[in-house]
Amino acid sequence: MKKLKTLFLYYGPYPFHERLAKTVNADFLPVPHLSNNPNENLFKKLIRIINFEINMPKDYDIYLCEGTFAFPAFVRKFGFLKRALIINITADPLLYYLKTKKIRAIGRFFFLSMLNEVNSFICEGKMEKKLLLSFIPNAKTIIAYPSIVPKVRRMILKKSRIIPDLESHKILIIANNDAYYKGIDILIEAFQIIKNKYVDAELKIVGNVEVPNEYKSIKDVDFMGFRKDIPKIIKEASIYVHPGRGDAFPVSSIEAMLSGLPAIVSKDTGSSEIIMHINKHLVTTLDPKDVAKSIDWYFKLSYKQKLKLSKKVAIFARRFNEKEVIAKFKNDYQSLLKQIVVK
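The numbering scheme is per chain: residues are counted from 1 as the chain's sequence reads. Given that the model is predicted, a residue must reach a pLDDT of at least 70 before its local features are reported, and side-chain atom pairs must reach 80 or more before they are shown or counted; all residues, however, enter totals for whole chains, interfaces and linings. In computing side-chain values, all of the structure's heavy atoms are included and hydrogens and water are not.

**Some words on the side chain of Glu53**
The cut-off we apply is this: A helix here means a DSSP run of H or I that spans at least four residues, while a strand means a run of E at least two residues long, and both kinds are numbered starting from the N terminus. Exposure categories follow from relative accessible area, calculated using a 1.4 Å probe and restricted to protein chains: below 20% of the type maximum is buried, above 50% is exposed, and the middle band is partly exposed. For the purpose of charge, His is not counted, nor are the chain termini; Lys and Arg are scored as positive and Asp and Glu as negative. A pairing counts as a salt bridge when a side-chain nitrogen of Lys or Arg comes within 4 Å of a carboxyl oxygen of Asp or Glu. Whether two residues touch is decided by their heavy atoms; if any such pair falls within 4.5 Å, the residues are in contact.
On the secondary structure map, Glu53 appears in helix H2 (residues 42-55). Buried Glu53, no salt bridge; nearest opposite-charge side chain is Lys58, N-O distance 6.7 Å. Among residues more than four places away in sequence, those in contact with Glu53 are Lys58, Ala70, Phe71, Phe74 and Val75.

Okay, here's the thing in structure tokens:
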């Protein structure tokens, strides 16, 4: 197979997606971010997008997209990029929002139309693949599980002798940007239920996440903002809770587990596919009462039981290392190209 010229179209990029793009020797090009900022002039936003579409390079064989597939797909609608391949890394909540009808009308029609222009998909976990196939049953896909950034992995393992504060009633979540996507509202409601039973309970929310002001006044809910000392914060907690709505495969849950901190996630969070095999009580619904029930189950465990679970999740999370993940991705990606490249 001839060497294919690849362009990576990205918003972030997210560290794992950046690593995938470098693995396939892609050139990098940022795209206009379609923010929901109400203060941003809609006309100016539209001009930015049109300018990008006009000036986007049209001479690449592959357009590898970090959820940015709509840009090359839209260009294709106008007769360009007919022989190029569009490959999308499917890892954002778009498919989940389409499935749950959060995106409706014109937006729904637009994204489904653009999705059908994509040649293949790199799905971040089985949940994303299942969602995708519900819209495009014959989609060509591979699954690539995210890995913990090597620097963070080394930092966590270096401190691995420090055991989390398993006997405390401290709850942790690491989340950025979209509070709805991360299920922050669900977690806070669940925490208020738990607080009635465990008066010393605390909820630590790390990351730059926007929430209604009324949540910020709730007793013992600490919005800590961006922090660099994540391993230290993880070690001070008793349980990690992530009731995401369509969160493909949050690495934060795996980082917590690698530190020995058990993680409770919703069934609508992609990492539930592996966590359910550790203990079914660690996977819950999006109902705050069910989330609280899972937290309560964990708090009631003996220290010996918690310690056993802590060791189990730490061993389980070790498999998400970059070396193994990238080696598998290389093989799967080459197999995928053999299916979609026109001879």
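**Concerning the packing of helix H1 (residues 15-23) against helix H16 (residues 322-340)**
When two helices pack together, their arrangement is given by the angle between the helix axes and by the axis-to-axis distance. Going by this rule: Axis angles are defined between N-to-C directions and span 0 to 180 degrees, where every axis is a line fitted to C-alpha atoms and, for a helix, only to the segment in contact. Comment on the angle field: the value is read as roughly parallel under 35 degrees, roughly antiparallel over 145, roughly perpendicular from 65 to 115, and oblique elsewhere. Note on convention: near helix rotated counterclockwise from far helix by under a right angle means a left-handed crossing. Clockwise means right-handed. Polar here means any residue outside two lists: the nonpolar Ala, Val, Leu, Ile, Met, Phe, Trp, Tyr, Cys and Pro, and the charged Asp, Glu, Lys and Arg; Gly therefore counts as polar.
Put simply, H1 and H16 touch, their axes get as near as 11 Å, and they point 50 degrees apart. Overall, the two elements H1 and H16 adopt an arrangement that is oblique. Seen along the crossing, H1 lies across H16 with a hand that is right-handed. Contact residues: H1 offers Phe16, Arg19, Leu20 and Thr23, while H16 offers Glu322, Val325, Ile326, Phe329 and Lys330. Per-class residue counts for the contact of H1 with H16 are five nonpolar, one polar and three charged.

**Points about H1**
Selection rule: Think of it as the arc spanned by the lines of direction from the helix axis to the C-beta atoms.
By the burial criterion, the buried members of H1 are Phe16, His17, Leu20, Ala21 and Thr23. For H1, the arc enclosing every buried residue in end-on projection is 160 degrees, short of the 170-degree limit, so these residues lie on one face. For H1, the elements touching its buried residues are strand E1 (6-10), strand E2 (27-30), strand E3 (62-65), strand E4 (85-90), strand E5 (120-123) and H16.

**Side note on the sheet that holds E1**
Formally: Two strands qualify as a pair provided that DSSP identifies no fewer than 2 bridges between them.
Across the sheet, which stays open at both edges, the six strands sit in the order E2-E1-E3-E4-E5-E6 with parallel pairing between neighbours. Each end of this open sheet is capped by a strand with a single partner; those strands are E2 and strand E6 (141-143). The average undirected angle you get between the axes of adjacent strands in this sheet is 20 degrees. Pairing geometry for E4 and E5, over four bridges, is parallel. Counterpart to Ile87 in the pairing with E5 is Ser120. Contacts from H16 reach E3, E4, E5 and E6, with the element oriented near 175 degrees to E6.

**Focus: the environment of Pro250**
Along the chain, Pro250 turns up in the loop between strand E12 (239-242) and helix H12 (251-258). Separated by 128 residues in sequence, Pro250 and Ile122 place their C-alpha atoms 16 Å apart. Ignoring anything within four residues of it in the chain, the contact list for Pro250 reads His242, Thr269 and Ser271.

**Considerations on helix H6 (residues 126-135)**
The set of residues buried in H6 consists of Met127, Glu128, Leu131 and Leu132. One face of H6 carries all of its buried residues, which in axial projection span an arc of 130 degrees. Away from its buried face by more than 90 degrees, H6 exposes Lys126 and Lys130. For H6, the elements touching its buried residues are E4, helix H4 (94-99), E5, E6 and helix H13 (272-275).

**Looking at a positive patch on the surface**
Going by this rule: Only residues whose relative accessible area exceeds 30% and that form no salt bridge are eligible for patches; like-charged ones are grouped when within 9 Å, while nonpolar side chains (Val, Leu, Ile, Met, Phe, Trp, Tyr) are grouped when within 5 Å. Methods summary: accessible areas were calculated by the Shrake-Rupley approach with a probe of 1.4 Å, and residue burial reflects only the protein chains presented. A charge is said to be at NZ when it belongs to Lys, at CZ for Arg, at CG for Asp and at CD for Glu.
A contiguous patch of positive charge on the surface is contributed by Lys99, Lys101, Arg104 and Lys130. With respect to the helices and strands, the residue Arg104 is situated in the loop between H4 and helix H5 (105-115). Taking the relative accessible area as the measure of exposure, Arg104 reaches 62% and is therefore exposed.

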